[in-house]
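# Inside the fold
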Amino acid sequence: MNIPQLAREAISQGLLFRTWGNLSKRDESDKSSFLITPSGMGYEDMEEKDLVKVFEDGSHEGNIKPSSESPMHQALYRRFPDINVIIHTHQPYGSALSLLKRDIPLSDSEAEKLGSNSIKISGYALPGTKKLHNNADHVASLSGCKAILLEMHGVIIMGKDEESALENALLIEGACKRYFEEIGAHPIKFNEDVSEITRNDEVAAMPRSIFDKRPDVNSIIRMTSQDVNKHTAMKPYLDDFAQIVGIRADSSCKYNVVFGDGEVFCLGKDLEDATAVQHIFEKNVLAQAVAKVSGRKPINVLESILMNQVYKRKYSKLKDMKKD
């Protein structure tokens, strides 16, 4: 298994989605450098030749930019000489548990494989920032665990090769799901019926109202739940919710998740975008449940606005590049 194959397997296991996250591998010919996934490239068609080589001084080879999180990978390779592969995921339960202000306990068998009896959480910082990378490196200095939860962001996992990194990622997700249940977190529950709606469909009043108010939306994923109504509101507890959904979800149609009576609508320019919003919303639901039992507050409004605006600019550029 190589890095692009690992990325696709991680997607199939629900650990990665779209272009989010990043993966890297230590360069076998030069142990001081590593190869990492490029910024903004989809994993489905990625090949090994697309990986970007990053040198010890932080510079990179070629004109394609490496992932913005490459400094975090570099710090961890320096700290753990026995590590050859790193995956930065946005897996659901691992991301949700990153809101806790305490270590996540591991079973004896998990501890043996991951090198520690608990998973530590690094402090919150905006995505792609030096502070985020330094926080992760600091936590790594305190523990030999092959995984770190990045507060309100995701998970970074290490392994001696691609197979062990994937195994560790799945191990982490299982441990976090178990602890989620142990702390008594109770998320919004959804019914099984999920439907896809397009602008050209004959639709009920609520989705038609969304299309009328949002000319940028062409696809909607409708979910049903007895736990929501048009007075329900949700704030960002994970940074990708702030980036892609907006500073909140409510019934106003201003943001990319809309609450109705017993319904939730995830909005997108196309079905791929709407599915991405659904994925992020479901993760934020888990994170909100953790916040309720731990007393954590949502992400600051100003930071949420900043992340949303930055994402919109980057996303529009990527869409334009795909059209060319």
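Residues numbered from 1 in each chain as written. Predicted model: local features only at pLDDT ≥ 70, side-chain atom pairs only at ≥ 80, totals over all residues. Heavy atoms only, no water.

## What to know about unusual backbone geometry
Positive phi, normally seen in glycine, also occurs at Arg18, with a value near 50°. By secondary structure assignment, the location of Arg18 is in the loop between helix H1 (3–12) and strand S1 (22–26). Since its relative accessible area comes to 14%, Arg18 is described here as buried. Even without glycine at this site, Met152 takes up a positive phi of about 60°. In this structure, Met152 sits in the loop between strand S7 (147–150) and strand S8 (154–159). When its relative accessible area of 4% is taken as the criterion, Met152 is described as buried. (Helix = DSSP H or I, 4+ residues; strand = E, 2+ residues; numbered from the N terminus. Buried < 20%, exposed > 50% of the residue type's maximum accessible area, 1.4 Å probe, protein only.)

## Some thoughts on empty space enclosed by the protein
By the definition in use, this model includes one cavity of 30 Å³ or more. What the largest cavity holds in volume is close to 40 Å³. Taken together, Phe80, Lys120, Val139, Ala140, Ser143, Cys145, Ala147, Ile148 and Met158 make up the lining of the largest cavity. Of all elements in the fold, only helix H5 (130–142) and S7 reach the threshold of two or more residues within the lining of the largest cavity. (1 Å grid on protein atoms, 1.4 Å probe; cavity = no way out; pocket = protein on both sides within 12 Å on 5 of 7 lines; lining within 4 Å. Points joined across faces, edges and corners; volume = space filled by probe spheres on them.)

## Side note on the pattern of salt bridges
For the coordinates displayed, the defined rule picks out 17 salt bridges. In this structure, the salt-bridge partner of Glu182 is Arg178, at a minimum N-O distance of 3.9 Å. Of this pair, Glu182 and Arg178 are both found in helix H6 (residues 162–182), four residues apart, which corresponds to roughly one turn of the helix. Residue Asp250 is joined to Arg248 by a salt bridge in which the shortest nitrogen-to-oxygen separation is 2.9 Å. (Salt bridge = Lys/Arg side-chain N within 4 Å of Asp/Glu carboxyl O.)

## A word on the sheet that holds strand S3 (residues 52–54)
Two modes of strand pairing occur in sheets, parallel and antiparallel, and in both the strands are linked by backbone hydrogen bonds. A sheet is described by the order of its strands in space; here eight strands give the open sequence S3-S2-S1-S4-S8-S7-S6-S5, paired in mixed fashion. Across the chains shown, the open sheet's two edge strands, defined by having one partner strand only, are S3 and strand S5 (104–105). Examined bridge by bridge, S1 and strand S4 (residues 85–89) share four bridges and lie antiparallel to one another. What sits directly across from Lys25, in S4, is Val85. (Pairing = 2+ DSSP bridges.)

## Some details on the packing of aromatic side chains
Under the definition given, this model contains five aromatic pairs. Ring centres 6.0 Å apart and planes at 65° place the aromatic pair Phe259 and Phe281 in the edge-to-face group. Linking Phe259 in strand S11 (residues 257–260) with Phe281 in helix H9 (residues 271–294), this pair joins segments that are 22 residues apart in sequence. An aromatic cluster of three or more residues is present, and its members are Phe190, Phe259 and Phe281. (Phe/Tyr/Trp six-rings, centres within 6.5 Å; stacked < 30°, edge-to-face > 60°.)

## Some words on the packing of helix H2 (residues 70–79) against H5
Two elements in contact, H2 and H5, have axes whose closest approach is 9 Å; the angle formed by their N-to-C orientations is 20°. In terms of orientation, H2 lies roughly parallel with respect to H5. For H2 against H5, the interelement crossing comes out right-handed. For the pair formed by H2 and H5, the contact residues are Pro71, Met72, Ala75, Leu76 and Arg79 on the first element and His133, Ala136, Asp137, Ala140 and Ser141 on the second. Each residue belonging to the contact of H2 with H5 can be placed in one class, and the counts come to six nonpolar, two polar and two charged. (Axes fitted to C-alpha atoms, helices over the stretch in contact; angles between N-to-C directions. Parallel < 35°, antiparallel > 145°, perpendicular 65-115°, else oblique. Left-handed = near helix turned anticlockwise from the far one by under 90°. Contact = heavy atoms within 4.5 Å. Nonpolar A, V, L, I, M, F, W, Y, C, P; charged D, E, K, R; others polar.)

## Considering the environment of Asn191
Assignment of secondary structure puts Asn191 in the loop between H6 and strand S9 (194–198). Asn191 gets classed as partly exposed once you look at its relative accessible area, which sits at 38%. Taking the C-alpha atoms as reference points, Asn191 and Ser225, 34 residues apart in sequence, are found 5.7 Å from one another. The contact partners of Asn191, leaving out residues within four places of it in the chain, are Thr224 and Ser225.

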